[in-house]
Amino acid sequence: GVSVGILGTGKYVPERRLTNVELERMVETNDEWIVTRTGIRERRIAAPEQATSDLAYEASVKALEAADITAEELDLIIVATITPDMFFPSTACLLQEKLGAKKAAAFDLSAACSGFIYGLANATGFISMGMYKHVLVVGAECLSRITDYEDRNTCILFGDGAGAVVLGPVTGDRGFKSFKLGADGAGGELLRIRGGGSRCPSSGETLADRSHFIEMNGRDVFKFAVRVMGSAAEEALAAAGYEKADIDLLVPHQANIRIIQSALERLNLSEDKAMINLDRYGNVSAASIPLALAEAVEEGRVKEGDTIVLVGFGGGLTWGAAVLNW
Ligand code: ACO
């Protein structure tokens, strides 16, 4: 099939910052604990009138500009999110309307923090088989809307934001070389929202027991993340016929600095080979990798010909890695 690459990137974060010091006033925690255990210093919080599709829109407009194509040229929109504006219509359909992407098909993709990499793999499949030419892949979240600000185990971690990329055909040695996707449903209860779906529909009870919020077994997710970040990246590299030493930039899911450091160790990479922005945004789930990638591009950290590895993990459990030449 055709080679598929990234034609443009864009990002958006809301203005409002929630600092560790502010969290100290909300739950029993402190700045020093949060910084040493997670690396996070502040996160962004969407304005009351903003929802996920609004954040997605801002990032998408920038990605389209960077790719130098119009919304009408999009064939498909994929939005990876666990915080859609509503159950349905999909956030991708809401975004299609906002952008005026009249020709585009649109759907949401649910793979938690791995959603963006799952989305890239989907888009690459559609383009390489010749079905579509331009696909917009967005990771966008308003995690503040599903975060329990009475639970110190989780409320220190999450933030709001969006990242978007336009994928299309590329020439030469550019483009995606491999994807590695995985899932382990047995670990589903480690990270989830129980209430509000068809299993435990919204009721007075689900509201009272706070089951509309994220619940997480942090320690087990941590162990899983450390294991899978390294192995997914290694497997994607091997599938592409690349070595660890070929990596110019690692763009990992931004959940915890210690998880990223352990992945770097396993891949024999120094910290300057990783894009890290979790200190400023926290964990933005599906938006985390595209937000980090867009920022790496903005900062001039990616040059033509660079080998980039994207790798993430999340609820499901799910994981994914991608290797691409910029
Ligand atoms: N402030 C102060 N103390 C705290 C806080 C806090 N915010 N949170 C927990 N503690 C306490 C705990 O209660 C515990 O006390 P105890 O020993 O008396 O029980 C102690 O600190 C240590 O707790 P641990 O959970 O062992 O701390 P750990 O070093 O594992 O760090 C953390 C916790 C940061 C949550 C870590 O486990 C982690 O990052 N896990 C991965 C989480 C993750 O990435 N989740 C998102 C996945 S992406 C998605 O799909 C949304």
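Residues numbered from 1 in each chain as written. Predicted model: local features only at pLDDT ≥ 70, side-chain atom pairs only at ≥ 80, totals over all residues.

Applicable threshold: UniProt positions are given in the numbering used here, feature names are shortened, and annotations may be inferred rather than shown by experiment.
In the nomenclature of an unreviewed UniProt entry, the chain is known as Beta-ketoacyl-[acyl-carrier-protein] synthase III of Cohnella phaseoli. Per UniProt, the comment on the chain under Pathway (unreviewed entry) is "Lipid metabolism; fatty acid biosynthesis." What UniProt states about the chain under its Sequence similarities (unreviewed entry) heading is, verbatim, "Belongs to the thiolase-like superfamily. FabH family."

1. Considerations on the environment of Gly182
Threshold: By the criteria applied, helices consist of DSSP H or I runs no shorter than four residues and strands consist of E runs no shorter than two, each listed in order from the N terminus. Our contact criterion uses C-beta atoms placed from the backbone: two residues qualify when those atoms are within 7 Å.
Mapping Gly182 onto the fold places it in strand S8 (residues 175-183). For Gly182, the residues in contact, after removing those within four places along its chain, are Ala232, Thr318 and Trp319.

2. Some details on helix H9 (residues 257-266)
The condition is simple: Counting other C-beta atoms within 10 Å of its own, a residue is labelled buried from 20 upward, exposed at 12 or fewer, and partly exposed in the gap between, with every C-beta atom placed from the backbone. For this quantity, the arc is that covered by the directions from the helix axis to the C-beta atoms.
For H9, the full list of buried residues reads Ile259, Ile260, Ala263 and Leu264. End-on view of H9: buried residues confined to an arc of 140°, all on one side of the axis. Close packing links the buried residues of H9 with helix H8 (218-240), strand S11 (249-252) and strand S12 (307-314). Backbone geometry just downstream of H9 places Asn268 in the positive-phi region, at approximately 55°.

3. Structural notes on the UniProt feature "domain: Beta-ketoacyl-[acyl-carrier-protein] synthase III C-terminal" (unreviewed entry) in the chain
Residues annotated in UniProt with the feature "domain: Beta-ketoacyl-[acyl-carrier-protein] synthase III C-terminal" (unreviewed entry) correspond here to residues 237-326. As annotated, residues 237-326 comprises 32% helix and 22% strand, and the C-alpha atoms at either end are separated by 15 Å.

4. A short note on the site of the ligand
For clarity, the threshold we go by: Placing the C-beta atom from the backbone, one calls a residue near a molecule or strand if that atom lies within 6 Å of it. In this classification, the charged set is Asp, Glu, Lys and Arg, the nonpolar set is Ala, Val, Leu, Ile, Met, Phe, Trp, Tyr, Cys and Pro, and all remaining amino acids, among them Gly, are polar.
Close contacts around the ligand come from 22 residues, with Thr29, Gly218, Phe222, Ala255 and Gly314 the closest. Breaking the shell around the ligand down by element, the ones donating at least two residues are helix H2 (31-38), helix H6 (152-155) and H8. Sorting elements by how many residues they give to the shell around the ligand places H8 first, with five residues. Here the shell around the ligand is built from residues that sort into 10 nonpolar, nine polar and three charged.

5. Considerations on the UniProt feature "active site" (unreviewed entry) in the chain
Here the UniProt-annotated "active site" (unreviewed entry) positions come out as Cys113, His253 and Asn283. Their sequence span is 171 residues, while the largest C-alpha to C-alpha distance among them is just 8.8 Å; these annotated residues converge on one region. Along the chain, the position of His253 falls in the loop between S11 and H9. A residue is classified by how many C-beta atoms lie within 10 Å of it, and His253, with 30 of them, is buried. In this structure His253 touches Cys113, Ser288, Ile289, Val311, Gly312 and Phe313, once residues within four positions along its chain are discounted.

6. A closer look at the packing of helix H3 (residues 52-67) against helix H4 (residues 91-99)
We apply this condition: Axis lines are fitted to C-alpha atoms, over the contacting stretch for helices. Their N-to-C directions set the angle, which ranges from 0 to 180 degrees. Oblique is the label for any angle not under 35 degrees, not over 145, and not in the 65 to 115 range, which are roughly parallel, roughly antiparallel and roughly perpendicular in turn. Working rule for handedness: look at the near helix, and if it is turned counterclockwise from the far one by less than a right angle, call the crossing left-handed; if clockwise, right-handed.
Two numbers describe how H3 lies on H4: the axes approach to 9 Å, and their chain directions differ by 50°. One finds that H3 runs oblique with respect to H4. For the pair H3 and H4, the crossing hand works out as right-handed. In this structure, H3 uses Thr52, Ser53, Ala56, Tyr57 and Ser60 to contact H4, whose residues at the interface are Thr91, Leu94, Leu95, Lys98 and Leu99. Taken together, the residues that form the contact of H3 with H4 break down as five nonpolar, four polar and one charged.

7. Remarks on the nonpolar core
Heads up, the rule is: A set of buried Ala, Val, Leu, Ile, Met, Phe, Trp, Tyr and Cys residues, joined to one another through C-beta atoms within 7 Å, is what we call a nonpolar core.
With 112 residues, the main nonpolar core has Ile77, Val138 and Val309 as its most contacted residues. No other element matches H8, which puts 11 residues into this core. Those residues in contact with Val138 that sit more than four places away from it in its chain are Ala56, Ala59, Ser60, Val79, Ala80, Leu95, Ala162 and Ala164.

8. Quick notes on the sheet that holds S11
Put simply, the test is: In this scheme, strands are said to pair when DSSP sees at least two bridges between them.
Strands sit in the order S8-S13-S12-S11 across an open sheet of four strands; the sheet is mixed. Where the open sheet ends on each side, the last strands, each with one partner, are S8 and S11. Between one strand and the next, the sheet's axes are offset by a mean angle of 10°, whatever the strand orientation. In this sheet, strand S13 (residues 318-325) lies alongside S12 in antiparallel orientation, the contact comprising eight bridges. In the strand pairing of S13, Phe313 is matched with Trp319. Relative to the sheet, helix H5 (residues 115-128) contacts S8, S12 and S13, its axis offset from that of S13 by approximately 55°. Running at roughly 145° to S11, helix H11 (residues 288-298) makes contact with S11 and S12 of the sheet.

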